[in-house]
Amino acid sequence: MISLWKIFFVFAKVGAFTIGGGYAMVPIIREELCSRGWIDSKEFPDILAIAQSAPGLLAVNTSIFAGYRLRGWAGAAAATIGSCAAPFLMILAIAMFFSGYSDNEIVIKIFKGIRPAVVALIAVPMIKMARECNHKWHDWLLTIAALLLVVFLKVSPIYILLVTIILFLSYYLYKERKG
């Protein structure tokens, strides 16, 4: 059984060393959990899908569901506190000590320079996960269609999830009745 302290420290490490939060934390959470053998790489997309469907912050939801999967409610609490503690303390320190530097040209340039790295941190693992999850042509078609709808037509992912759930539930019920 995985100790609550281990869960806490793994998620604290993720929270402390991830710039950008949210989607930037997902690949690091995945790597930490899968490399330790705590969660199978095929199981992680399911946790991510549930986390995205639930209201709230993606990184927190992912921590909650992964922690719950590992040790129940205590694991969910340990993972959530771990993933939130370091960012909370960092933001608190920034607010206390660096608020006077927000107009500083060097600080502005540093944050502009970090943005492309955050995009890469998000894009590379998402492509990797798509490769692992999409085994058939229709899986790729659905992935690309959802991407295009969100990026170019600004369709909310919530609507895409709802339509997908309804379509696949209808298909499943149709197959059940026919078979």
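Residues numbered from 1 in each chain as written. Predicted model: local features only at pLDDT ≥ 70, side-chain atom pairs only at ≥ 80, totals over all residues. Heavy atoms only, no water.

(A) Seen up close, the confidence of the model for the protein chain. Averaged over all residues, the pLDDT of the protein chain is 86; the fraction at 70 or higher stands at 98%. Within the protein chain, no element has a lower average pLDDT than helix α5 (residues 105-133), which sits at 83, and none a higher one than helix α1 (residues 4-16), at 92. (pLDDT = per-residue confidence, 0-100. Helix = DSSP H or I, 4+ residues; strand = E, 2+ residues; numbered from the N terminus.)

(B) Local environment of the packing of aromatic side chains. Under the defined criterion, the tally for this structure stands at 4 aromatic pairs. Look at F8 and F9: their rings are 5.2 Å apart centre to centre, the planes differ by 75°, and that puts the pair in the edge-to-face class. Among the aromatic residues, those joined into a cluster by ring pairs are W5, F8 and F9. Against the face of W38 rests R36, its NZ or CZ located 5.5 Å from the ring centre. (Phe/Tyr/Trp six-rings, centres within 6.5 Å; stacked < 30°, edge-to-face > 60°. Lys NZ or Arg CZ within 6 Å of the ring centre and 35° of its normal.)

(C) Examining the layout of surface pockets more closely. Computed from the structure, the largest pocket encloses a volume of approximately 1,700 Å³. Along its surface, the largest pocket is lined by 35 residues, and A49, Q52, T143, A146 and L161 are the ones closest to its centre. Secondary-structure elements contributing two or more residues to the lining of the largest pocket are α3 (44-53), α5, α6 (137-151) and α7 (157-178). Examining the composition of the lining of the largest pocket, we find that 9 residues originate from one element, α6, more than from any other. Residue composition of the lining of the largest pocket, grouped by class: 27 nonpolar, 6 polar and 2 charged. (1 Å grid on protein atoms, 1.4 Å probe; cavity = no way out; pocket = protein on both sides within 12 Å on 5 of 7 lines; lining within 4 Å. Points joined across faces, edges and corners; volume = space filled by probe spheres on them. Nonpolar A, V, L, I, M, F, W, Y, C, P; charged D, E, K, R; others polar.)

(D) Inspection of the packing of α1 against helix α4 (residues 58-97) at higher detail. Across the interface, α1 lies against α4 with an axial gap of 7 Å and an inter-helix angle of 40°. The angle between α1 and α4 places the two elements in the oblique class. As for the relative orientation of α1 and α4, their crossing is right-handed in sense. Residues belonging to the contact of α1 with α4 are distributed by class as follows: 15 nonpolar, 5 polar and 1 charged. (Axes fitted to C-alpha atoms, helices over the stretch in contact; angles between N-to-C directions. Parallel < 35°, antiparallel > 145°, perpendicular 65-115°, else oblique. Left-handed = near helix turned anticlockwise from the far one by under 90°.)

(E) Inspection of the side chain of T80 at higher detail. Considering the arrangement of structural elements, one finds T80 in helix α4. For T80, a relative accessible area of 17% corresponds to the buried category. From its side chain, T80 meets the backbone oxygen of A76 in a polar contact 2.7 Å long. If sequence neighbours within four positions are ignored, T80 has contacts with V60, S63 and I64. (Buried < 20%, exposed > 50% of the residue type's maximum accessible area, 1.4 Å probe, protein only. Polar contact = N/O pair within 3.5 Å; in protein donor to acceptor, adjacent residues only side chain to side chain. Contact = heavy atoms within 4.5 Å.)

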